[in-house]
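Residues per chain, in single letters:
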Amino acid sequence: MIKNYVKIAWRNLLKSKLYSSINIIGLSIGISACILIGLYIHNELNYDQFHLKSDNIYRATMEYSTAGPVEEAAVSGSKVGPEFKRTFPNVVEYVRTYTSTSSIKKGEVVFDENKMLFADSAFFSVFSFELLAGDAITAIDAPDKIVLTQSSAAKLFPLQNAMGEILRYGGSEYKISGICVDPPQNSQIKFDFVISFSNIGNAYKTETWWNANWVTYLLLNNQTDIAQFENQVNAYMDSDLVREQTGSMHPNFLHYNLEPLTKVHLHSSVEGLEPNGNIQYIYIFGIIGLLILLIAGANYTNLATAQAMGRGGEIGTRKVLGANRNQIFSQFIGEAVVLTCVATILALVITLAAIPFFNNVSGKSFVYGDVLSTKVMIMTPLFAVIISFLAGLYPAVVLSGTKALTAMKSSFELAKGNRNILRKSLIIAQFSISIFLIAVTGIIISQVNFLKETNLGYDRNHVVVIPMNNKISENYEILKPAIQNVMGVKSVTASYDTPEYVAWGDGISATGKNGPVEISLNAMPIDLDFAQTLGMQFAAGRDFQKYDFDLMDTTNNSANYKLPYIINETLAKMIGWTPEEAIGKTIEHRALGPIVGVLKDFHFQSLHQPIGPLLQFLDKDASRKLLVKIDGSQMKETLKGLEQLFATRMPGQPFNFHFLDDDYNKLYMSEQRTTSLFKAAAFIAILLATLGLFGLAAFVTFSRTKEVGIRRVLGATLLSITQLFVRQFIFLIVLSVVIAVPLAWYAGNYWLQDFAYKIELEWWHFALAGTLVLLIAVATISYQSIRVCLLNPIKSLRSE
């Protein structure tokens, strides 16, 4: 019997090629979208869970106040790990980490742009990065040891065993003591090389609560109650002894929060070794997948119920010949299963073909093996069976319950009364989803364009960023004038951070109009010409000059040492000064010193945050980035000149660079990916909804061929008949607009709340979405109507 059901289902698929094609294409696209989104969600939700001890690993993040607002940071001082292990029995082990982009030298060949990880010796014992060679306990237990990833070893030593070989980094030699499997893509700790944290230098030798630049992980024992342990930690931090060490006298404080390793990526509010994900986007992507699948399922239900008009004789005959309701039900469910199976096979093909595009949109690195994995191969067929039952249930129940005499009547029509309401409801749902996605996509695109075009307070165009390694830093004083003389170079400077994201957290003390104040802020060690290179404007005062270095007198045990400062307008206002009043005033950061300039506020972090207080001070030795402003009209020639300069002055040193624009765009990578996803989702949704409407309109117009022939004979025009069909659907589309617009407004407004600087929602965001869908629907219905109208009325009436 099952064999007969499959045969009949297959014959019906071939018989109704148009409707079968629409259903198969719709379901295959829907299933494919769900597979891809499912892969993404699974990858994100399983971040860092490959570590065997992941349930007991926590990241220690700072929460502090220095007479200002409460600040949070993922980094901590070098003392946190060692002190907590000495003080609390719950702490089994600690690992402090720091990453930098570094050059590695093998013989005379330099390999640049490598991610170097500094970590404590317990790193490979706490985290489950598999060592293919070497011992986890001793791999980095000495300063001269280095561990390579498998891909780095293959790059540096393609045809030989790398163990025991010597590499040079930062003027020192390192012996390869281990080869480790590449970190998976869903790991917050990624690296090419690992060396001992002791190579940091003074930060390792001198334990401090501040100078926070290290991400610290704690391995706790199994019995630890985290909430209770956090209270113990912060009670310890509030003790008189520790307050004296940290200089955090009441009401100031320094506390630590413990974040579970597996929760950091999606749930943490502070970024550590890499940008965080967002659990809200996981919900959004999941909902989008379900909405697309809902549209595809609605297409099947709609077309199946519509097609029932042509299958009344078949159903009636079967019932007369003795088929019971369960058999009829099984037949139609079987057809849904066969169709869904075909769609599932096509969906897997589409998914494999879409992997490169999806990787580009999601920022992941999925491979074909991820799609063909055992888990996907088991879950997809089960998912397909569920879809076939959900999509085919209503037609199967209704058709199997139809009386034989009723089904055999020539006027048999399934879609009457409540059943007609279902069909209309499904159309409304499809187009409501489409309008919603298009409107929200428009809002996201407008906000992303706003982020790209807004005035940041500095000029990020045509600024070349060159990472500074030890060799460049040592030769900076010679390189700077040489770079300045390259054709097309306008200005050169150096800094610790680039201006789009200043991560350095610090604090100052000053005496304002209302007395002494201590303020937490962001700080930038910079060189001369920073404001000039970035096109920043001064509200008062001036830029740093060469003679400012004279203030930094280190003679006589630095008795006369002063450090000149530049602040921004926000910091001046927080202290209680106007920009003009701030000039010449003294503040204390590392040392007392005068304010020589007040910069107009510029955005030095993401537009998610309002502009905060900022301090700049002279310290070219702390620079990590070389910034070169070039003439955009001679970009190619200037870059070639810079490359030749580095080849001459820095032999064996690769000329690696990127543009400041690239750094800025990385701040909004998540928003750009969301934009791409919504564009794709909106396109798929409107495509599927239009396909469904196309098939439904084709069936409705075809079923009324005789009526159209009579109207044509009686003198009805092409326009009037087209209007007749369009009116049937146009009200449903308008109702879809009414439903979708408030939902899109709410969703768009909710998403924008995450930005301190954002667009205003405009009426055209919603009008454009509704109009676009309306035009597509009218065009689709009109096409089918005109096709029927152009048939010869005589032939139409004769065939009927």
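For the structure, see preceding data.
These numbers were taken from a predicted model, which means no experiment stands behind them.

Conventions we followed
- Residues numbered from 1 in each chain as written.
- Predicted model: local features only at pLDDT ≥ 70, side-chain atom pairs only at ≥ 80, totals over all residues.
- Heavy atoms only, no water.
- Helix = DSSP H or I, 4+ residues; strand = E, 2+ residues; numbered from the N terminus.
- Buried < 20%, exposed > 50% of the residue type's maximum accessible area, 1.4 Å probe, protein only.
- Polar contact = N/O pair within 3.5 Å; in protein donor to acceptor, adjacent residues only side chain to side chain.
- Contact = heavy atoms within 4.5 Å.
- Expected span 1.5 Å × (residues − 1).
- Core = buried A, V, L, I, M, F, W, Y, C linked by side-chain atoms within 4.5 Å.
- Bend = angle between axes of the 7 residues up to and from the residue.
- Pairing = 2+ DSSP bridges.
- Phe/Tyr/Trp six-rings, centres within 6.5 Å; stacked < 30°, edge-to-face > 60°.
- Lys NZ or Arg CZ within 6 Å of the ring centre and 35° of its normal.
- Axes fitted to C-alpha atoms, helices over the stretch in contact; angles between N-to-C directions.
- Parallel < 35°, antiparallel > 145°, perpendicular 65-115°, else oblique.
- Left-handed = near helix turned anticlockwise from the far one by under 90°.
- Nonpolar A, V, L, I, M, F, W, Y, C, P; charged D, E, K, R; others polar.

1. Observations concerning the side chain of Gln447
So, point 1. Turning to its location among the elements, Gln447 is positioned in helix α16 (residues 418–453).
So, point 2. Looking at Gln447, the relative accessible area reads 0%, which means it is buried.
So, point 3. Here the side chain of Gln447 touches Ile759 through a polar contact of 3.1 Å, landing on its backbone nitrogen.
So, point 4. If sequence neighbours within four positions are ignored, Gln447 has contacts with Trp751, Leu752, Phe755, Tyr757, Lys758 and Ile759.

2. Description of helix α7 (residues 226–237)
So, point 1. In a regular helix each residue adds 1.5 Å, so 12 residues correspond to 16 Å; α7 covers 16 Å between its end C-alpha atoms and thus fits that length.
So, point 2. Taken together, the buried residues of α7 touch β1 (57–65), α3 (80–87), β3 (91–106), β10 (215–220), α8 (240–246) and β11 (253–260).
So, point 3. One side-chain oxygen at the N-terminal end of α7 lies 3.2 Å from the backbone nitrogen of Ala227; it belongs to Asp225.

3. A look at unusual backbone geometry
So, point 1. Backbone geometry places His462, a non-glycine residue, at a positive phi of 60°.
So, point 2. As for its placement among the helices and strands, His462 is situated in the loop between α16 and β12 (463–467).
So, point 3. Positive phi, normally seen in glycine, also occurs at Asp529, with a value near 70°.
So, point 4. Secondary-structure assignment places Asp529 in the loop between β15 (515–526) and α19 (530–534).

4. Description of the environment of Phe683
So, point 1. Looking at where Phe683 falls in the secondary structure, it is placed in helix α25 (residues 669–703).
So, point 2. On the basis of relative accessible area, Phe683 is assigned to the exposed category, the value being 54%.
So, point 3. For the pair Phe683 and Ile438, spaced 245 residues apart in sequence, the C-alpha separation works out to 8.1 Å.

5. Here we look at the nonpolar core
So, point 1. Counting 155 residues, the largest nonpolar core has Ile146, Leu148, Leu167, Leu437, Ile567 and Ile587 as the members making the most contacts within it.
So, point 2. Sequence-distant contacts of Leu167, defined by excluding residues within four places in its chain, comprise Ile104, Lys105, Lys106, Ile146, Leu148, Leu156, Phe157, Ser172, Glu173, Tyr174, Ile176 and Phe193.

6. Comments concerning helix α12 (residues 325–362)
Structurally, the α-helix is built with 3.6 residues per turn, so residues lying three or four positions apart point the same way.
So, point 1. With 38 residues, α12 should reach 56 Å at 1.5 Å per residue; the first-to-last C-alpha distance of 48 Å falls well below that figure.
So, point 2. Bending of α12 peaks at approximately 50° at the position of Ile355, with proline Pro356 no more than four residues after it.
So, point 3. At the C-terminal side of α12, Gly363 shows a positive phi close to 80°.

7. A few points about the pairing of strand β8 (residues 172–180)
So, point 1. Here strand β5 (residues 131–133) pairs with β8 via 2 bridges, running antiparallel. Among the inter-strand pairings, Ala133 is bridged to a residue of β8, identified as Ile179.
So, point 2. As defined by bridge partners, strand β6 (residues 145–149) adjoins β8 across 5 bridges and the pair is classed as parallel. Bridge pairing in β8 places Lys145 opposite Lys175.
So, point 3. Summarising the sheet, strand β7 (residues 166–169) and β8 pair through 4 bridges and their orientation is antiparallel. Directly across from Leu167, in β8, lies its bridge partner Tyr174.
So, point 4. Between β7 and β8, which pair antiparallel and follow one another directly, the connecting turn spans 2 residues, one of which, Gly170, has a positive phi of 60°.

8. Details of the pairing of β6
So, point 1. Among the 5 residues of β6, 4 are classified as buried, and the element is accordingly described as predominantly covered.
So, point 2. Bridge count between β6 and strand β9 (residues 193–196): 3 bridges; the pairing is antiparallel. For Ile146, the partnering residue across the bridge sits in β9 and is Ile195.

9. So, the environment of Ser491
So, point 1. For Ser491, the position within the fold is in strand β13 (residues 489–495).
So, point 2. Apart from the residues within four sequence positions on either side, Ser491 is in contact with Gln484, Asp529, Gln532, Thr533, Leu627, Val628 and Lys629.
So, point 3. Polar contacts involving the side chain of Ser491 include one to the side chain of Thr533, which spans 2.7 Å.

10. Digging into the packing of aromatic side chains
So, point 1. With the rule as written, the count across this model stands at 30 aromatic pairs.
So, point 2. Where Phe127 meets Phe129, the ring centres are 6.3 Å apart and the plane angle is 40°; that geometry is what we call tilted. With respect to class, Phe127 is no different from Phe129; both count as buried.
So, point 3. Three or more aromatic residues joined by ring pairs make a cluster, and in this case those are Phe50, Phe123, Phe124, Phe127, Phe129, Phe191 and Tyr217.
So, point 4. The positively charged end of Lys585 is found above the aromatic ring belonging to Trp577, 5.8 Å away from the centroid.
So, point 5. Note that Arg624 overlies the ring of Tyr496, its terminal NZ or CZ placed 3.9 Å from the centroid.

11. As for the packing of helix α2 (residues 17–45) against α12
So, point 1. α12 packs onto α2 with a crossing angle of 45° between their chain directions and a minimal axis gap of 7 Å. Between α2 and α12, the angle is such that the two are oblique. Helix-helix and strand crossings are classified by hand; for α2 and α12 the assignment is right-handed.
So, point 2. Across the contact of α2 with α12, the residue classes tally to 18 nonpolar, 8 polar and no charged.

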